[in-house]
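# Structural overview for review
Residues per chain, in single letters:
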Amino acid sequence: MAREYAHAYIIEGRSGEERDAYIKNFAKDIICPNTDLSGNACGNCPACIRVSSGTHEDLFFMNQSGKETYKTSDAAAMIERLGMRPYGEHNVGIIDNAERLSEIVQNKLLKTLEEPYPGTVIILATDNKESLLPTVKSRCVELRMHEQTIDTVNSDSIDLLMKEWFGNTYFFKIREVIRKNFKSNEEAFKFLDVLERDLHETLIGGEGLNKNAGNIIQMIDQIEETRINIKRGMNPEYALNSLFLNRNNINKR
Ligand SMILES: [Zn+2]
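In what follows, the accompanying structure is described. (Residues numbered from 1 in each chain as written. Predicted model: local features only at pLDDT ≥ 70, side-chain atom pairs only at ≥ 80, totals over all residues.)

### Here's the deal with the pairing of strand β3 (residues 92-95)
Residue alternation in β3 divides its side chains into two sets, Val92 and Ile94 and Gly93 and Ile95, and both sets are buried. Across three bridges, the pairing between strand β2 (residues 59-61) and β3 is parallel. Residue pairing across strands places Phe61 opposite Ile94, the latter belonging to β3. Handedness of the crossover is the feature at issue here: the chain leaves β2, passes through helix α3 (residues 72-82), returns alongside β3, and the resulting connection is right-handed. Of the pairings in the sheet, the one linking β3 to strand β4 (residues 121-126) comprises four bridges and is parallel in character. In the sheet register, Val92 faces β4, and the bridge partner there is Val121. Running through helix α4 (residues 103-114), the crossover from β3 to the neighbouring parallel element β4 is right-handed. (Buried ≥ 20, exposed ≤ 12 C-beta atoms within 10 Å, placed from the backbone. Helix = DSSP H or I, 4+ residues; strand = E, 2+ residues; numbered from the N terminus. Pairing = 2+ DSSP bridges. Right-handed = clockwise from strand over helix to strand, strands pointing away.)

### Brief notes about the packing of helix α8 (residues 185-204) against helix α9 (residues 213-231)
Between α8 and α9, the least distance of the axes is 10 Å, while the angle of their chain directions is 160 degrees. It follows from the interaxial angle that α8 and α9 lie roughly antiparallel. Where α8 crosses over α9, the two elements pack in a sense that is left-handed. Taking contact as the criterion, the partners of Asn185, Ala188, Phe189, Leu192, Leu195, Glu196, Leu199, His200, Thr202 and Leu203 in α8 are, on α9, Ala213, Ile216, Met219, Ile220, Ile223, Thr226, Arg227 and Ile230. (Axes fitted to C-alpha atoms, helices over the stretch in contact; angles between N-to-C directions. Parallel < 35°, antiparallel > 145°, perpendicular 65-115°, else oblique. Left-handed = near helix turned anticlockwise from the far one by under 90°. Contact = placed C-beta atoms within 7 Å.)

### Observations regarding the nonpolar core
For soluble globular proteins, nonpolar side chains are generally found buried alongside one another. Ala27, Ile31, Val92, Ile123 and Leu124 are the most contacted members of the largest nonpolar core, which totals 37 residues. Taken together, the elements giving at least two residues each to this core come down to β1 (8-12), α1 (17-31), α2 (46-52), α3, β3, α4 and β4. Once you skip the residues sitting within four places of it in the chain, Ile31 turns out to touch Ala47, Val51, His56, Asp58, Leu59, Gly88, His90 and Val92. Counting residues in hydrophobic clusters, the runner-up holds 15 residues, among them Ile178, Leu199, Met219 and Leu240. (Core = buried A, V, L, I, M, F, W, Y, C linked by C-beta atoms within 7 Å.)

### Remarks on α8
Helix length check: α8 (20 residues) gives 28 Å between terminal C-alpha atoms against 28 Å at 1.5 Å per residue, within 8%. Taken as a whole, α8 has its buried residues at Ala188, Lys190, Phe191, Leu192, Leu195, Leu199 and Thr202. (Expected span 1.5 Å × (residues − 1).)

Rendered as structure tokens:
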């Protein structure tokens, strides 16, 4: 099942490997012809591999020809390229370090951000979205990238818990995973960040908007509440257990 995508997204987060990986994964989700039911790329097909290596025909980055900034000609080249029919279903244009877009260049991009060629998705990545004009921001869906280096701490147990969250596992099994793996506040926060990001993406990706938006927003509220409870001194294991119990209540409704 293909996800519906907005014309343009802003990904805010510190530049570096993690943001690069986030952008590529997002591009894969858009381009991969073999996405799963939640719209996640398969990661193994020729399209996914070409996105990884940056050689996919439908994926391109805005070239920065100025030393510190993008030039108007860079934007013009991107707009021209985005006006071409994609080989697959989507053109994906990436503007990395979008804080390097001057007001003039941003204005030049406005029309394309508003009415791109059908199927076009533009991704602006920046460490400071406030450098973008309100007229640009209003045309983009904003995605928040969490900065934690998930891979260094406990990423396996986070994966495991994510699976439990979206599966319908018995609660005793979830409690076991939490007891073994989420003893510190830091670990609990990392899981909550990943979970919230995932729910957020599901919400924005169009997957949940029709039927489940209310539930997802409720879950996000509960995640925020859990975070506050832990900050106030609640035992993280207890807080996560409660969150999972509440999730079950939402699913039953
Ligand atoms: Zn794929």
